[in-house]
Each structure stands twice: as structure tokens, then as C-alpha cells.
Amino acid sequence: MAENLTVLDPTYSKTERYEALLPQLKALVFGELNIIANLANLMAALKQSMDFLWIGVYFVESDSLVLGPFQGPVACTRIGFGKGVCGTAWKEQKVLIVDDVDSFPGHIACSSLSKSEIVLPAFKNNKVWLVLDVDSEKLAAFDETDQKYLDEVIKIIESL
Ligand code: SME
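Below you will find a few notes about this structure. Please read these numbers as outputs of a predicted model, since none were measured by experiment. (Residues numbered from 1 in each chain as written. Predicted model: local features only at pLDDT ≥ 70, side-chain atom pairs only at ≥ 80, totals over all residues. Heavy atoms only, no water.)

1. Focus: the side chain of Asp133
Link 1 in the chain: Note on placement: Asp133 falls in strand β6 (residues 127-136).
Link 2 in the chain: Excluding anything up to four places from it in sequence, Asp133 contacts Trp54, Ile55, Gly56, Tyr58, Cys86, Glu117, Ile118 and Val119. (Helix = DSSP H or I, 4+ residues; strand = E, 2+ residues; numbered from the N terminus. Contact = heavy atoms within 4.5 Å.)

What follows is the structure in C-alpha cells.
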């Protein structure tokens, strides 16, 4: 396992920061089989490297999403199917980017500081296994660059 993380400061572009981070994320989980340990370190490395308010996963457990490893302020522990941005991404089985959470009907405000959000589903045996949720204190913080690289993170998660 990698013992430390090289973090590029915000003077680097988002692409440069994700490019520097991705190989380190792969190294971080290499050789470790415990899923919770790996997810915990992935969330920590992402939070340490990028300007996120909150990043974490919610596991699908029967008819709810249940909070898993995360970094950031305390969060809601359960989200129903089709509820909020996370439950909608689960139901629709697709990535959702919300530029302004206040304009998303049914958005669940775990932190009043959150202004925009991206949620990506991860699949196991063709079913949604968990969703990766990322929140920002800035409006419209997430774009196709985040989607592209967080999709690579999803591939790492799906390989755990
Ligand atoms: N805002 C999310 C809830 C999870 S928190 O942001 C951590 C939603 O609407 O599903």
C-alpha cells in the first residue's frame, strides 16, 4: 500500500490534479482485499486532494441506501429508493450532476453548506451496489471532467 499521498495544490488544473491522483488511488487499494478499508482510504485520498465539501458512498441495502465510508461533515444515514439526488441516481441507474441543489426537487440537505453535487452509481452483477456522492460548497462545481475521472474511481471501486 502507498504510505503517503502527493497532493497537487489548487494552482494546478482539475485535470492535472485528477491525473496525479488516479495512479495513487490504484496503489492505495492494491493488495488489500477488505472493501471497507479500501473505500475508507479512497474517500480520504479524494477529500485530501480535491476541493470537496463531502465525499462518500451509500450502499444499497434492500429498499434503502445506507451510509458507508465518507469524509466531511456528518451525514444522513439512510436514503430511500428514488429519494434525493442519491436515491434518484440509484433508481435511474445513471450519473446525476446537480449545479444547484436547491433547484433539485426532493434534494436531501445533509449539510446546509452543500451547493452542488455529483452522484455516480457503481454496479455489481448488473445491479447498483452503491452510489458515490460528492458535494461542493460552490455552485456548479462539477462538470464532465469530474464525471470522467470519478468514473475511473467507480471502476476502481467496482474492482474491489
Ligand atoms: N444530498 C444527498 C444526500 C446525501 S448528502 O449530500 C451527504 C441527496 O440529496 O441524496
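2. Section: the site of the ligand
Link 1 in the chain: Not every one of the 13 residues close to the ligand is listed here, only the nearest: Val85, Cys86, Ile108, Glu117 and Asp135.
Link 2 in the chain: One nitrogen or oxygen atom from the main chain of Cys86 is found 2.8 Å from an oxygen atom belonging to the ligand.
Link 3 in the chain: One of the side-chain nitrogen or oxygen atoms of Asp135 is found 3.1 Å away from an oxygen atom of the ligand.
Link 4 in the chain: The protein chains hide 98% of the 300 Å² of surface that the ligand would expose on its own.
Link 5 in the chain: Breaking the shell around the ligand down by element, the ones donating at least two residues are β1 (54-61), α3 (84-92) and β6.
Link 6 in the chain: Here the shell around the ligand takes 3 residues from α3, the largest share from any one element. (Near = heavy atom within 4 Å. Polar contact = N/O pair within 3.5 Å; in protein donor to acceptor, adjacent residues only side chain to side chain. Areas by Shrake-Rupley, 256 points an atom, 1.4 Å probe, with all protein chains shown as cover.)

In short, shape yes, function no, at least from these values alone.
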